[in-house]
Amino acid sequence: ERSDLPLYHEDVRIFEVFDSDGTPLALFVADYIARPSKRGGACTFSLAGVSRLAGARPVVANLCSFYRRPDGKVLMTDNEVRTAFHEFGHALHDFFTGKNV
């Protein structure tokens, strides 16, 4: 996890993704918690242009709107779990190809 990068909300987390040989591959932005200022639904998108020749790595975001209970826990339905894995699959594609899907 990267704690040195600025976040646009306290629920957002940023992770650096590495290839199997330890080479930095991408940055992954995880924004999973619902909030009043955020629309519903789920999506994956690129936050920065990718240029392998120029050394720019993908910056990929997953956005979902999972409900946080008053006790702070996030319990997901079966459909929400499938959605999270589905969106993360798009992120994996972007990590390894540098393309947006």
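Preceding block: the structure.
Read on for an overview of the structure. Here the structure is a predicted model, which means the values were calculated and not measured.

## Points about the pattern of salt bridges
Here comes step 1: One pass over the structure, following the stated rule, counts eight salt bridges.
Here comes step 2: Between Arg 2 and Glu 16 there is a salt bridge whose closest N-O contact spans 3.1 Å. Placement of the pair is Arg 2 in the segment before β1 (13-18) and Glu 16 in strand β1, with a sequence separation of 14 residues.
Here comes step 3: Judged by its relative accessible area of 21%, Arg 2 falls in the partly exposed class.
Here comes step 4: Lys 38 is the partner of Asp 31 in a salt bridge, and the nearest nitrogen-oxygen pair spans 2.8 Å. For the pair Asp 31 and Lys 38, a shared accessibility class is recorded, and that class is buried.
Here comes step 5: Ionic contacts of the salt-bridge type, sharing partners, join the residues Arg 2, Asp 4, Glu 16 and Arg 57 into one network.

## Brief notes about the side chain of Thr 44
Here comes step 1: Residue placement: Thr 44 occurs in strand β3 (residues 43-48).
Here comes step 2: Side chain to side chain, Thr 44 and Asn 62 meet in a polar contact 2.6 Å long.
Here comes step 3: Beyond its immediate chain neighbours, meaning those up to four positions away, Thr 44 contacts Val 60, Ala 61, Asn 62, Glu 87, His 90, Ala 91 and Asp 94.

## Some thoughts on the environment of Asn 62
Here comes step 1: Here Asn 62 is to be found in strand β4 (residues 59-66).
Here comes step 2: Residues Asn 62 and Val 29, spaced 33 residues apart in sequence, show a C-alpha to C-alpha distance of 6.3 Å.
Here comes step 3: When residues no more than four places from it in sequence are discounted, the contact partners of Asn 62 are Phe 28, Val 29, Ala 30, Asp 31, Tyr 32, Cys 43, Thr 44, Glu 87, Phe 88 and Ala 91.
Here comes step 4: Among the polar contacts listed, one links the side chain of Asn 62 to the backbone oxygen of Glu 87, at a separation of 3.2 Å.

## Here's the deal with a nonpolar patch on the surface
Here comes step 1: On the surface, Met 76, Val 81 and Phe 85 cluster together to form a nonpolar patch covering roughly 290 Å² of accessible area.
Here comes step 2: Along the chain, the position of Phe 85 falls in helix α1 (residues 78-97).

## Regarding α1
Think of an α-helix as 3.6 residues a turn; residues three or four steps apart then line up on the same face.
Here comes step 1: Taking 1.5 Å per residue as the helical rise, α1 with its 20 residues ought to reach 28 Å, and the 29 Å between its terminal C-alpha atoms agrees with that figure.
Here comes step 2: All of the buried residues along α1 are Ala 84, Glu 87, Ala 91, Asp 94 and Phe 95. Considered in projection along α1, the buried side chains sweep an arc of 100° and stay on one side of the axis. Exposed residues pointing more than 90 degrees away from the buried face of α1 are listed as Asp 78, Arg 82, Phe 85 and Phe 96.
Here comes step 3: Buried residues belonging to α1 abut β1, β2 (24-33), β3 and β4.

## What about the pairing of β2?
Here comes step 1: Burial within β2 is extensive, with eight of its 10 residues counted as buried.
Here comes step 2: Two successive antiparallel strands, β1 and β2, enclose a turn made up of five residues, where Gly 22 displays a positive phi of approximately 90°.
Here comes step 3: As paired elements, β2 and β4 share six bridges and run parallel to each other. The residue bridging Asp 31 from the neighbouring strand is Leu 63, located in β4.

Cut-offs applied
- Residues numbered from 1 in each chain as written.
- Predicted model: local features only at pLDDT ≥ 70, side-chain atom pairs only at ≥ 80, totals over all residues.
- Heavy atoms only, no water.
- Salt bridge = Lys/Arg side-chain N within 4 Å of Asp/Glu carboxyl O.
- Helix = DSSP H or I, 4+ residues; strand = E, 2+ residues; numbered from the N terminus.
- Buried < 20%, exposed > 50% of the residue type's maximum accessible area, 1.4 Å probe, protein only.
- Polar contact = N/O pair within 3.5 Å; in protein donor to acceptor, adjacent residues only side chain to side chain.
- Contact = heavy atoms within 4.5 Å.
- Patch = residues over 30% accessible without salt bridge, like charges linked within 9 Å, V, L, I, M, F, W, Y side chains within 5 Å.
- Areas by Shrake-Rupley, 256 points an atom, 1.4 Å probe, with all protein chains shown as cover.
- Expected span 1.5 Å × (residues − 1).
- Arc of directions from axis to C-beta.
- Pairing = 2+ DSSP bridges.

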